[in-house]
Amino acid sequence: MRTPLSGIVAAAIAALAIASGPSATPAHADEERQDPLLAFNHAWAMVDRETADAIEHSDFLGQFADRRISTGNDGTSTWTGRYLLGKETYLEFFGPGDAPDAVAGDTGLAVSADRDGDLATASANLHDLGVDPVEFTQVTDLGDGKPIPWFDVTYTTATYDTFFSWAMEYRDEFLEDPRLSFPPAAYEGDVSRDRYNRDRYLDHQMRDVIGIQIATTEADIEKMVPLWRAGGITIRVLKDGGVLAFDGMTTIRLLPVPAEEAGVRHVVFALNEPAEEPHTETIGGSTLHVGPGAYALWTFDPIEATATPRSNRSSGSGEPLHPAFGG
């Protein structure tokens, strides 16, 4: 018996509330701040070719979200992604061959600082947790062959199985470059997600990612979660070895699985306005349920196990094999 659409979305939204219950307390947060230092910025997923192509060409998805197809270049390598942009958050999808060395089932998640200097504080907190972070500045080439600083990066390790998480802070010289036409800072030290994403989401239904479930290995969970803890994000460890993380708006659920079962499982969106009529759309190997109400749920079919080795996923240079990091 199929669960009604309203029940599917309601169940997903109810799951988000677990992370913000009365017993949840931010870990390692500045006592004078009510918001964390870092918050969900975006997630990326390597999906199968059919799903990647459907995400790129779906007429419905192009109406639902601010969809962009973009090729990035850091001066040494390129990657082509399908982007769904919201107010403060976004999603990024790759298909086989679109990004260096990634394979179907690989995922990543970025948390970021909205105020200049907060990434440095989070990095110091990592040291206090006994983790020696890796730090560097990612650059981008705007087409003139002269890479400029894009964002600063902090992460715990470049060696992982299927899931990589990093923290980032946009650079002033990038946000203020006149070729990019970002809006002016809304406050002192404004390097926010809202400023970076602009306001094109207003012409579509999708507002923001408020929930995401990613399946990955227990080893990856153990390696990546300290970064979120250092950023003041609420962390709850679950009995199955997974975690729930909550930044005040977005809930992240990491589900422990064998590497061959890894991949993105669910995404929950907040909409700009309640959907007038519920709608279900098949997009390759995924299903998007929009409504009822001001939410949508995107569910992804499991990806068939790949023969590509997944262990020790490091470039050997101290940087991860990640679509946006050159490798």
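The preceding data block contains the structure.
Bear in mind the structure is a predicted one, so any value in this text is a computation, not a measurement.

With that settled, consider the overall build of the chain. Within the chain, the regular secondary structure consists of seven helices and 16 strands. A buried classification covers 54% of the 327 residues belonging to the chain. A fraction of 70% describes how many contacts in the chain between residues 6 or more apart in sequence connect residues 24 or more apart. With the model as given, the accessible surface of the chain reaches about 14,000 Å², and the carbon-plus-sulfur share is 49%.

Moving on, we come to the pairing of strand β14 (residues 279–282). One ladder, built from four bridges, connects β14 with strand β15 (residues 286–290); its direction is antiparallel. When the sheet's bridge partners are listed, T280 is paired in β15 with H289.

Right, let's talk about helix α7 (residues 218–230) for a bit. Taking 1.5 Å per residue as the helical rise, α7 with its 13 residues ought to reach 18 Å, and the 19 Å between its terminal C-alpha atoms agrees with that figure. Helix geometry: α7 is bent most strongly at M224, by close to 30°, with proline P226 lying one to four residues after it. Where α7 is concerned, the buried positions are D220, I221, M224, V225, L227, W228 and A230.

Inspection of the entire model under this criterion finds 14 salt bridges. For the salt bridge of R68 with D66, the shortest nitrogen-to-oxygen distance reads 2.8 Å. A salt bridge links E88 to R193; the nearest nitrogen and oxygen atoms lie 3.4 Å apart. Placement of the pair is E88 in the loop between β3 (78–85) and β4 (90–94) and R193 in helix α6 (residues 193–197), with a sequence separation of 105 residues. Taking the relative accessible area as the measure of exposure, R193 reaches 7% and is therefore buried. Sharing partners across several salt bridges, the network here consists of R49, D53, E56, R82 and D98.

It is worth spelling out unusual backbone geometry at this point. Geometrically, the link from G291 to P292 is a cis peptide bond, its omega value of 0° lying close to zero. For S181, which is not glycine, the phi torsion reads 60° and is therefore positive. Its identity is not glycine, yet R198 carries a phi of approximately 65°, on the positive side. Positionally, R198 belongs in the loop between α6 and β9 (206–216).

Moving on: the sheet that holds strand β16 (residues 293–300). A sheet is described by the order of its strands in space; here eight strands give the open sequence β10-β11-β12-β9-β13-β16-β15-β14, paired in mixed fashion. Edge positions in the sheet fall to β10 (234–237) and β14, since each of these pairs with one other strand and no more. Sheet twist, expressed as the mean angle between neighbouring strand axes with direction ignored, is 15°. Summarising the sheet, strand β13 (residues 263–275) and β16 pair through six bridges and their orientation is antiparallel. Each residue of the ladder has a partner; that of H266, found in β16, is T299. Contacts between α7 and the sheet are confined to β9, β10, β11 (243–246) and β12 (251–256), with β12 contributing the most and set at about 155° to the helix.

Evaluation of the coordinates by the stated rule reveals 20 aromatic pairs. Ring plane angle 80° and centroid distance 6.2 Å describe the contact between F136 and Y155, whose orientation is recorded as edge-to-face. Here F136, found in strand β6 (residues 134–140), pairs with Y155, found in strand β7 (residues 148–155); they are 19 residues apart in sequence, far enough to count as distant. Of the two residues, F136 and Y155, neither departs from the other in class, the shared state being buried.

On to the packing of helix α4 (residues 118–128) against α7, then. A pair of packed helices is captured by two measures, namely the crossing angle of their axes and the spacing between those axes. For the pair α4 and α7, interaxial distance at closest approach is 8 Å and the crossing angle is 125°. In terms of axis orientation, α4 runs oblique to α7. Considering only the axes of α4 and α7, their crossing is right-handed. Counted together, A122, N125 and L126 of α4 and P226, L227 and A230 of α7 form the full contact between these two elements. Considered class by class, the residues forming the contact of α4 with α7 number five nonpolar, one polar and no charged.

What counts as what
- Residues numbered from 1 in each chain as written.
- Predicted model: local features only at pLDDT ≥ 70, side-chain atom pairs only at ≥ 80, totals over all residues.
- Heavy atoms only, no water.
- Helix = DSSP H or I, 4+ residues; strand = E, 2+ residues; numbered from the N terminus.
- Buried < 20%, exposed > 50% of the residue type's maximum accessible area, 1.4 Å probe, protein only.
- Contact = heavy atoms within 4.5 Å.
- Areas by Shrake-Rupley, 256 points an atom, 1.4 Å probe, with all protein chains shown as cover.
- Pairing = 2+ DSSP bridges.
- Expected span 1.5 Å × (residues − 1).
- Bend = angle between axes of the 7 residues up to and from the residue.
- Salt bridge = Lys/Arg side-chain N within 4 Å of Asp/Glu carboxyl O.
- Axes fitted to C-alpha atoms, helices over the stretch in contact; angles between N-to-C directions.
- Phe/Tyr/Trp six-rings, centres within 6.5 Å; stacked < 30°, edge-to-face > 60°.
- Parallel < 35°, antiparallel > 145°, perpendicular 65-115°, else oblique.
- Left-handed = near helix turned anticlockwise from the far one by under 90°.
- Nonpolar A, V, L, I, M, F, W, Y, C, P; charged D, E, K, R; others polar.

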